[in-house]
Amino acid sequence: MSKSPNGLYTVLGIAGIGVGIGVAVNSSNHQSDVIETAQATAQAAEDRAAAAQAAIADTQAAATDLINTLAAQPLSTGAPVAETAGFGLGRDALPVEIAAWDIDVRPDGAGLPAGSGDVWTGEEVFVEKCAMCHGDFGEAVGRWPVLAGGHNTLSDEDPVKTIGSYWPYLSTVYDYINRAMPFGMAQSLTNDEVYAITAYLLYVNDLVDDDFELSNENFLEVRLPNEPNFFMDDRATAEYPIFSVEPCMENCKDSVEITMHASVLDVTPEDENAAQEDATVVAAAAEPEVDLAAEGEALFRQCKSCHQVGDGAGNGVGPHLNGVVDRPIGSVDGFRYSNTLLDVGGEWSADVLGAFLADPRGAMPGTKMAFRGLRSQEEIDAIIAYLATFE
Ligand code: HEC
Ligand code: HEC
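The present account deals with the structure reproduced in this document.

The rules behind each value
Residue indices begin from 1 for each chain and proceed along its sequence in written order. Lettering of chains starts at A and numbering of ligands starts at 1, both following the order in which they are written. Where local features are concerned, this predicted model is filtered to residues with pLDDT of at least 70; where side-chain atom pairs are given and counted, the filter is 80 or more; whole-chain, interface and lining totals use all residues. Residues are counted as near a molecule or strand when the C-beta atom, derived from backbone positions, lies within 6 Å of that molecule or strand. Working definition: helices are DSSP H or I runs of at least four residues, strands are E runs of at least two. Numbering for both runs from the N terminus. Any residue outside Ala, Val, Leu, Ile, Met, Phe, Trp, Tyr, Cys, Pro, Asp, Glu, Lys and Arg is labelled polar, Gly included; the first ten of those are nonpolar and the last four are charged. Counting other C-beta atoms within 10 Å of its own, a residue is labelled buried from 20 upward, exposed at 12 or fewer, and partly exposed in the gap between, with every C-beta atom placed from the backbone. Note on contacts: each residue gets a C-beta atom placed from the backbone, and two residues are in contact if those atoms are within 7 Å. Under this scheme, a helix contributes an axis fitted over its contacting stretch, all axes are lines through C-alpha atoms, and angles between N-to-C directions fall in the 0 to 180 degree range. Each angle is binned into one of four classes, with values under 35 degrees roughly parallel, values over 145 roughly antiparallel, values of 65 to 115 roughly perpendicular, and all other values oblique. Crossing handedness: left-handed means the near helix sits turned counterclockwise from the far one by under a right angle, and right-handed means the same turn made clockwise.

### Points about the site of ligand 2
In the vicinity of ligand 2, 28 residues are found, and the nearest of them are Cys-303, Cys-306, Gly-318, Ser-338 and Met-369. Looking at the shell around ligand 2, the elements that each hand over two or more residues are α13 (339–344) and α14 (350–358). Its residues assigned to classes, the shell around ligand 2 shows 18 nonpolar, nine polar and one charged.

Structure follows, in structure tokens:
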């Protein structure tokens, strides 16, 4: 609140600068008029600021009064008013209020109320109060949550996570049902009903027999199958040391091995001369380690929108390219070639293929392969080496 007057002054300050500029750019004639108008405007704004400040002070005083009055009033319950430490607001919660909120049940059994219920009773209550959404056996109606089954599906692409297959602790089952179900009628169940329903849900998950009775006494004896797969977050000790070592900033590697050239990787801008120079440098340096087929694989990205190659490759915009090296031209069954490729005859020898890939339309006028052509002999060799790896 105390900030608003400052804010107002700031705005006035800016207005003041505006007035100054206004005066500077206006030439002689209207100057005094302008100054008078500006002065009047500034005066009015200052008056309004003063009024606003007074109003704020009034409101603050009124609020302080109200807070003090409220704090001094005894509560209607007759409970003792808390010592007004802190902000002087509120009161201590009453024991009954705390008891109503404090219903959590923990994995070690803390918070469990006394009570018991068996599978048969649980089935009756479940069918009456839960089955319309969760199904008679927890199999779920429509898209309501499934409560049973799903064992051994957790590593599937579409796991079925249920109390039986996924939940770590029975205490969560008790707590959840007691706290939140039946949906729309939360906390309407008795303790014995919650025990009975929990027993029934264990039964439909094949975890107990039909004569089982669950109580606060034997509660901890029941273990859910997925409990061992939950563990405490250990990243602080397991992973943090890996990420917190001092990073190496110089002389980090003994030797550098070139596995691919940027021009081939297609990350450098197009420039014929540079590409050729690069090719010459590569030739001069004679690095046999550079794996042609691997370079070809990277280059093949440009072809992928139209061609497939490898296991299960089929025809797309262009024919599949499995075994294309030395394959008769225009010979893939079911692909609709241009007449050019159908009529030209011969095979895709490395030379013919190379000329085609360098300039498809120049080499085979009338082809419907809409591709500008590869840039260098090195790229052509690499792609052919890559294509030759597929039968
Ligand atoms: C009107 C439909 C409805 C009824 C009736 C109902 N539930 Fe639910 N139940 C739900 C919905 C919806 C959720 C999911 C709530 C959420 O994710 O916030 C749920 C979630 C649950 C879950 C947690 C499932 C999971 O894997 O996360 C359990 C356990 C459960 N209900 C038990 C019961 C029991 C026991 C009853 C009867 C006492 C019951 N429900 C009655 C709709 C219902
Ligand atoms: C925009 C789509 C497109 C791109 C990109 C493309 N092609 Fe083609 N390709 C085609 C089409 C369409 C044909 C059939 C041409 C015809 O029938 O005239 C074809 C034909 C071919 C043929 C002849 C196959 C045969 O069975 O006779 C080869 C080889 C070939 N492409 C290789 C490549 C390579 C390698 C690349 C990448 C450097 C590439 N293509 C990029 C569309 C494309």
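### Points about helix α4 (residues 119–129)
Buried within α4 we find Val-119, Gly-122, Glu-123, Val-125 and Phe-126. In this structure, the buried residues of α4 make contact with β1 (116–118), α5 (131–134) and α7 (191–204).

### Examining the site of ligand 1
Close to ligand 1 lie 18 residues, the nearest being Cys-130, Cys-133, Met-181, Pro-182 and Phe-183. Within the residue set of the shell around ligand 1, elements represented by two or more residues are α5 and α6 (170–180).

### What to know about unusual backbone geometry
A negative phi angle characterises most non-glycine residues, just as the trans form characterises most peptide bonds. A cis amide bond links Met-181 with the next residue in sequence, Pro-182, at an omega value of -5°. By secondary structure assignment, the location of Pro-182 is in the loop between α6 and α7. Even without a glycine there, the phi angle at Gln-187 is positive, about 65°. With respect to the helices, strands and loops of the structure, Gln-187 is situated in the loop between α6 and α7.

### Let's talk about the packing of α6 against α7
Interhelical geometry of α6 versus α7 gives an angle of 130° and a closest axis separation of 10 Å. By the angle class used here, α6 and α7 are oblique. Crossing of α6 against α7: the hand is right-handed. Contacts between α6 and α7 involve Leu-170, Val-173, Tyr-174, Ile-177 and Asn-178 from the first element and Val-194, Ile-197, Thr-198 and Leu-201 from the second. Residue composition of the contact of α6 with α7, by class: seven nonpolar, two polar and no charged.

Just distances and angles here, no functional claims.
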